[in-house]
Amino acid sequence: MTIANPTLKLFNSLTGRKELFVPADPKRVTVYVCGPTVYDYAHIGNARSAVVFDVLFRLLRDVYGADGVVYARNITDVDDKIIARFQEQHRQDQQEQQEQQSQAGNQTIDQLTDFYAAAYNRDLAALGCLPPTLQPRARENMPAIIALIQRLLDRGHAYVAEGHVLFAVKSFADYGQLAKRRVEEMVAGARVEVAPYKQDPCDFVLWKPSPPIAGASFDSPWCHGRPGWHIECSAMIAAVLGDEIDIHAGGADLKFPHHENEIAQSRCAHDTPVLAHTWLHNGFLTVGGEKMSKSLGNFRYAWQCWRQTAAVDEEDAVVLLRQPQAVRLQLLSAHYRQPLNWPNVGDRGIEPASQHDGLIEDCYSLFHQAGGASGDDFWQQQQEVVATPDNPVRLALLDDLNTPLAISRLTALYQQARGGKANGKGAAGDAADGKEQALIQLLAGGRLLGLFADAPSAFFRAMPAATKDTGSTAAPATGGDDGLQDGQIAALLHQRQTARAARDFAAADTIKQTLTSHNILIQDTADGTTLYKRPHDPDWRTG
RNA sequence: GGCCGGGUGGCAGAGUGGUUAUGCAGGGGCCUGCAAAGCCUCGUACGUCGGUUCAAUUCCGGUCCCGGCCUCCA
């Protein structure tokens, strides 16, 4: 595997600088991203993190080869919030006996975590995220977690107090390195939990006692209980990737204390100079300038951004409000380290169309046009296409994942491929060839961003009906099926032609309005024929 | 209080020591009976005050705002 142009630069939170990324082993680049705690659906801000680092995964695969990258994203299925959620659900079920088991009908904690883990993976798949190479779960790694805690005890970095096992922050000189904080400063103005059994206010829990709870408590050498929040990641990283990894990523709010504590645990247990060489942290989604969060209540579930219900039993019955790919592009429309403003939900409760919805559709139109009879031939032939080293989208991503720039480059490739805005310098002879190449690189560049996974025909079949802001108070169209058959449309168009020929424009426009009200778009052409299409059709039909 | 990050045209959002992305919205034009589609085109923005410089939105300093983290959080 040749490594093409391996000049990936990434902003490393650990050093505070943009650095050239150099993996320890180019044949096995190791990446760990903090995954979800599965007690609820992911909101769109959670999805941002996964989407951003999915782009990283794709770029690394491009540079180091698909087999050269190991990407682990955990599932946290042991957590106080999960227990709380389960008990709350249980109470509700008892209160509303007559109600049919709603979303999950989760009888056990196992079922609850499995349910939300599956929902998480499904939402991300819809957003075009590749499955991670590995998806370790906390509960399945309990022996590794316990062994790691024991190791920290043996090495004098942890102690037992009143049934708890605690990490001794004082035993680790570099504590605070990632967050760039000093322990004394934190304690000073601090809101750290000062428990009497802590040797130092900043010490944090590795293991805590718990009464037996099916699926959420475990035996250990110290007491029956469950692990603290941070130890699972340390244990799973070591278990599936190694003691020292190349990249560790997550949301900016995980930097402290979560990642700081991971570093302390892992480095003290393994006696390593770093846990990860490169640390990446993504910024938040904001709503009206405020961080989107569950506690503020200003969040949207990811699925709400493109479908009406979370139910997925019958895919065909699900009404798409928007293309999930367009939601993905919107998530990538700001640089990952910056905050990204998420528009307020409109009166009708649906996500406003983003400014990039049109680009996806336009690109697909080109693929479809290039795709022969089925419309999919081009897309099929280019299944294995990769970006050239100088693909402008690729170059933008190599510079610290500059996705906004990449999107503008995508737009330029689209213009080139379509032959419009003749700023393409390939004016020399091979204009057609240049367009063809641009189209291929448009597809390849888009795939680096995680777009264009669907075949054109499938994409257009799934197109939501036009819900352009018509000011109508009616519910959004539920699919654009309007009862008008092709024959009826042709007849109406014929009538309109006749009226136009007679210069009876009032009659002609009445017919046009009828068609428009049925979501049929029409287009008169220079040769006198009239074309029409429904919003989800890729091509104009002759009428 | 400590530590980060940011203030760019109507909105969103890149970037750069001098030629000033991109998208959305908007204006004008071609085309059209009218539209649609397409094409062409326009808007010279960088919080504020100083400094460095031939030249600063871009570098430095002050200042004013805004956001995040320090507690569960992507």
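Computed from a predicted structure; not experimentally measured. (Residues numbered from 1 in each chain as written. Chains lettered and ligands numbered in written order. Predicted model: local features only at pLDDT ≥ 70, side-chain atom pairs only at ≥ 80, totals over all residues. Heavy atoms only, no water.)

Trainee: Can you explain the packing of aromatic side chains? Please cite residues and give values.
Mentor: Overall, the coordinates contain 21 aromatic pairs when judged by the stated rule. For the pair Phe21 and Tyr64, a centre-to-centre distance of 6.3 Å together with 80 degrees between the ring planes defines the contact as edge-to-face. Of this pair, Phe21 sits in the loop between β2 (17-20) and β3 (29-33) while Tyr64 sits in helix α1 (residues 44-64); the two residues are 43 residues apart in sequence, bridging distant segments of the chain. Note on Phe53 and Tyr336: the rings are 6.4 Å apart at their centroids and 65 degrees apart in plane angle, and the pair reads as edge-to-face. Here Phe53, found in helix α1, pairs with Tyr336, found in the loop between α8 (324-331) and β13 (340-341); they are 283 residues apart in sequence, far enough to count as distant. Grouped by ring-pair contacts, the aromatic residues Tyr41, Phe115, Tyr116, Phe299, Tyr301 and Trp303 constitute a single cluster. (Phe/Tyr/Trp six-rings, centres within 6.5 Å; stacked < 30°, edge-to-face > 60°. Helix = DSSP H or I, 4+ residues; strand = E, 2+ residues; numbered from the N terminus.)

Trainee: Give a detailed account of the sheet that holds strand β15 (residues 530-533), specifying residues and quantitative values.
Mentor: The strand order across the open sheet formed by three strands is β14-β15-β16, and the pairing between neighbours is antiparallel. Bordering the open sheet on either side are β14 (521-524) and β16 (541-542), each of which pairs with just one other strand. Bridge analysis of β15 against β16 gives two bridges, and the strand direction is antiparallel. When the sheet's bridge partners are listed, Tyr532 is paired in β16 with Arg541. (Pairing = 2+ DSSP bridges.)

Trainee: Would you mind going over the sheet that holds strand β12 (residues 290-291) in detail, with residue names and values included?
Mentor: Reading across the sheet, the three strands line up as β12-β11-β13 and stay open at both edges, with mixed pairing between neighbours. The sheet is open, and its two borders are formed by β12 and β13, each paired with just one other strand. Of the strand pairs in this sheet, strand β11 (residues 285-287) and β12 are connected by two bridges, and their pairing is antiparallel. Bridging from a neighbouring strand, Thr286 pairs with Lys291 of β12.

Trainee: Describe the environment of Leu395, and please don't skip the residues or the numbers.
Mentor: Relative to the assigned elements, Leu395 resides in helix α11 (residues 392-398). What makes Leu395 partly exposed here is its relative accessible area of 37%. C-alpha separation for the pair Leu395 and Thr7, spaced 388 residues apart in sequence, amounts to 9.2 Å. (Buried < 20%, exposed > 50% of the residue type's maximum accessible area, 1.4 Å probe, protein only.)

Trainee: Explain the protein's contact with RNA strand B residue by residue, including any values.
Mentor: Close contacts around RNA strand B come from 48 residues, with Trp229, Gly251, Leu254, Gln355 and Arg418 the closest. At a separation of 2.6 Å, a sugar or linking oxygen of RNA strand B approaches a polar side-chain atom of Lys81. In this structure, Met292 approaches RNA strand B through a main-chain N or O atom, which is 2.7 Å from a base nitrogen. Listed by contribution, the elements that provide at least two residues to the surface near RNA strand B are α1, α5 (183-188), β9 (245-251), β13, α12 (403-418), α15 (486-501), α16 (505-517) and β14. By residue class, the composition of the surface near RNA strand B is 15 nonpolar, 19 polar and 14 charged. (Near = heavy atom within 4 Å. Polar contact = N/O pair within 3.5 Å; in protein donor to acceptor, adjacent residues only side chain to side chain. Nonpolar A, V, L, I, M, F, W, Y, C, P; charged D, E, K, R; others polar.)

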